Amino acid sequence: ISQDMVHWQKHPDNPVLVPDPKYYDPLGNWRDCSFLWDKKENLWCTVVCATAKGEGPIEARACIALARSRDLIHWEHLPPLAASDRYTLGMELPFLFKHGRRWYLGHSMYSSYFSKAWLAKHPDVRAQGGVHYLVSDRMFGPYQVPDNDCLGCQPDPPPYAVQLIDHKGEKLFMHWGPQRYATALPKKVEFLPSSQMRLVYWKGTEKACKESMLLPGQREARLAAGASIDIGKPVQDCLFEGTVSLPDGGSAAFAMGKALLITIDATTRTVQSADPATRAPREGRKAILSTGGAWRLKLVADGSVVDVYANEVWLFAEHCPRPVADQARLLVLRGKAEVNGIRLDKLVTGNAIHHYGFNY
């Protein structure tokens with residue numbers, strides 16, 4: 001507790017929030033709480049990664065607990081907002097918020113946390129890490145899993161430890177990853193008419209773009225198979241953008257020295273990360289594009305994270321340390337390519353470069 005948010009002392013009644021055995025298993029999860037101020041009831045609510053009371057293995061009773069308090073010291077426990085046997089570890093880092101008339105309840109998850117037994121019963125479900133969420137018309141539920149419950153999902157390691165921040169009327173998606181400790185720039189959460197969510201490019205990122213690194217006459221390029229062209233001056237953290245047209249079903253790529261290769265293929269309508277040396281596709285870093293003859297491709301390389309967008313929609317993130325400035329390059333792998341409206345800006349955020357080869 002603190003009177004000034006600088007000097008702190010432990011409350012004498014610690015711990016102030018423990019699992020109530022009426023609803024929750026004291027031997028299971030009880031962590032990762034986040035808070036919501038209920039203006040109508042004039043009290044605080046918290047959601048917690050927990051384990052529901054019940055029989056059988058703890059691993060099959062993952063839930064998101066709910067409790068409320070007027071002073072953050074004395075708590076009333078309520079039944080779980082959501083419980084599921086699809087996970088074996090826990091519904092980590094839960095959050096709860098309202099948008100319009102709908103309530104959203106979400107949590108972070110690695111694909112390895114999915115229960116193999118549950119997946120065997122649901123062969124149509126693809127296990128992905130990231131944020132999964134549920135939707136309800138009421139704060140206390142019942143909550144339903146939408147047709148697509150993924151937000152910022154990709155095969156492990158995914159974006160993780162998500163915080164949703166309200167900023168000037170927008171909901172921003174803050175996270176680290178796809179490797180731990182590598183902090184990514186915010187994305188904007190876009191709410192679709194179906195009540196589903198998706199991530200799009202946040203215009204606030206433009207404040208970090210300090211100067212153009214392009215050379216004269218590099219706003220557009222027309223290349224044939226096997227050809228390549230250096231784009232701008234060598235740069236470390238940067239924002240690259242260009243509208244890519246592949247009229248004969250070809251394939252093109254954007255490279256950052258020997259560190260990064262992002263390909264776009266018109267025949268399969270895919271954007272994918274590939275090994276810069278072998279050009280072999282990287283498993284799990286792949287997205288399917290909507291139909292159309294041209295795509296506005298955007299890559300935001302900041303710190304150790306590269307976020308990949310097409311037509312402003314986030315596709316996936318790559319972990320890619322770039323400790324020194326390197327040369328950006330466009331190349332055509334197959335067919336012909338036209339790239340218009342090319343942009344290469346130096347990005348300055350102060351985000352650190354991390355080289356961690358582990359996830360914990």
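As the structure is a prediction and not an experimental result, all values here were calculated from the model.

## Section: the state of the cysteines
Counted under the stated rule, the structure contains zero disulfides. With no disulfide of its own, cysteine 45 has cysteine 33 as its nearest cysteine by sulfur position, at a separation of 13 Å. Overall, cysteine 45 belongs to the buried group, its relative accessible area being 2%.

## A word on the packing of aromatic side chains
Under the definition given, this model contains 16 aromatic pairs. Seen in terms of ring centroids, phenylalanine 95 and phenylalanine 97 are 6.0 Å apart; in terms of plane orientation they differ by 20 degrees. Their pairing is stacked. Comparing phenylalanine 95 with phenylalanine 97, the two get one shared label, buried. For the ring pair phenylalanine 240 and phenylalanine 254, a centre distance of 4.1 Å and an interplane angle of 20 degrees mean the geometry is stacked. With phenylalanine 240 in strand β16 (residues 238-245) and phenylalanine 254 in strand β17 (residues 251-256), the pair connects residues that are 14 residues apart, well separated along the chain. You'll find phenylalanine 240 and phenylalanine 254 in the same group, each marked buried. Following the ring pairs from residue to residue traces out a cluster consisting of Phe95, Phe97, Tyr104, Tyr133 and Phe191. The positively charged end of lysine 171 is found above the aromatic ring belonging to phenylalanine 97, 4.2 Å away from the centroid. One residue, lysine 298, lies across the ring of tyrosine 201, its end atom 4.3 Å from the ring centre.

## Looking at the pairing of β17
Within β17, six of the six residues are buried, which leaves the element mostly enclosed by the surrounding structure. Side-chain alternation along β17 places Ser251, Ala253 and Ala255 on one buried face and Ala252, Phe254 and Met256 on a second face that is also buried. Across six bridges, β17 lies against strand β18 (residues 260-265) in antiparallel orientation. When the sheet's bridge partners are listed, phenylalanine 254 is paired in β18 with isoleucine 262.

## Quick look at empty space enclosed by the protein
Scanning the model with the defined rule gives one cavity of 30 Å³ or more in all. Size it by volume and the largest cavity reaches roughly 90 Å³. What lines the largest cavity is a set of 15 residues, among which Val244, Ala252, Ala253, Leu330 and Val339 lie closest to the centre. Mapped onto the lining of the largest cavity, the elements with two or more residues apiece are β14 (221-224), β16, β17, β18, β24 (326-334) and β25 (336-347). Here the residues of the lining of the largest cavity sort into 15 nonpolar, no polar and no charged.

## Here we look at the side chain of serine 84
Within the secondary structure, serine 84 sits in strand β4 (residues 76-84). Take serine 84: its relative accessible area is 15%, and that puts it in the buried class. At 3.0 Å, the side chain of serine 84 and the backbone nitrogen of arginine 86 are in polar contact. Ignoring sequence-local partners within four residues, the contact set of serine 84 consists of Ala60, Arg61 and Ala62.

## Some details on the sheet that holds strand β6 (residues 102-109)
If you walk across this open sheet you meet the four strands as β5-β6-β7-β8, and the pairing is antiparallel. Of all the strands in the sheet, just β5 (92-99) and β8 (150-154) have a single pairing partner and so form its edges. Neighbour to neighbour, the strand axes of the sheet diverge by 20 degrees on average, direction disregarded. Across six bridges, β5 lies against β6 in antiparallel orientation. Looking at β6, one finds that phenylalanine 95 is bridged to glycine 106.

## Some thoughts on the pairing of β4
Here six bridges tie strand β3 (residues 62-69) to β4, and the two strands are oriented antiparallel to one another. Opposite alanine 67, over in β4, you have histidine 77 as the bridge partner. A loop of six residues connects β3 with β4, the two strands running antiparallel in sequence, and leucine 72 in this loop sits at a positive phi of about 65 degrees.

Definitions and limits used
- Residues numbered from 1 in each chain as written.
- Predicted model: local features only at pLDDT ≥ 70, side-chain atom pairs only at ≥ 80, totals over all residues.
- Heavy atoms only, no water.
- Disulfide = S-S within 2.5 Å.
- Buried < 20%, exposed > 50% of the residue type's maximum accessible area, 1.4 Å probe, protein only.
- Phe/Tyr/Trp six-rings, centres within 6.5 Å; stacked < 30°, edge-to-face > 60°.
- Helix = DSSP H or I, 4+ residues; strand = E, 2+ residues; numbered from the N terminus.
- Lys NZ or Arg CZ within 6 Å of the ring centre and 35° of its normal.
- Pairing = 2+ DSSP bridges.
- 1 Å grid on protein atoms, 1.4 Å probe; cavity = no way out; pocket = protein on both sides within 12 Å on 5 of 7 lines; lining within 4 Å.
- Points joined across faces, edges and corners; volume = space filled by probe spheres on them.
- Nonpolar A, V, L, I, M, F, W, Y, C, P; charged D, E, K, R; others polar.
- Polar contact = N/O pair within 3.5 Å; in protein donor to acceptor, adjacent residues only side chain to side chain.
- Contact = heavy atoms within 4.5 Å.
- Axes fitted to C-alpha atoms, helices over the stretch in contact; angles between N-to-C directions.

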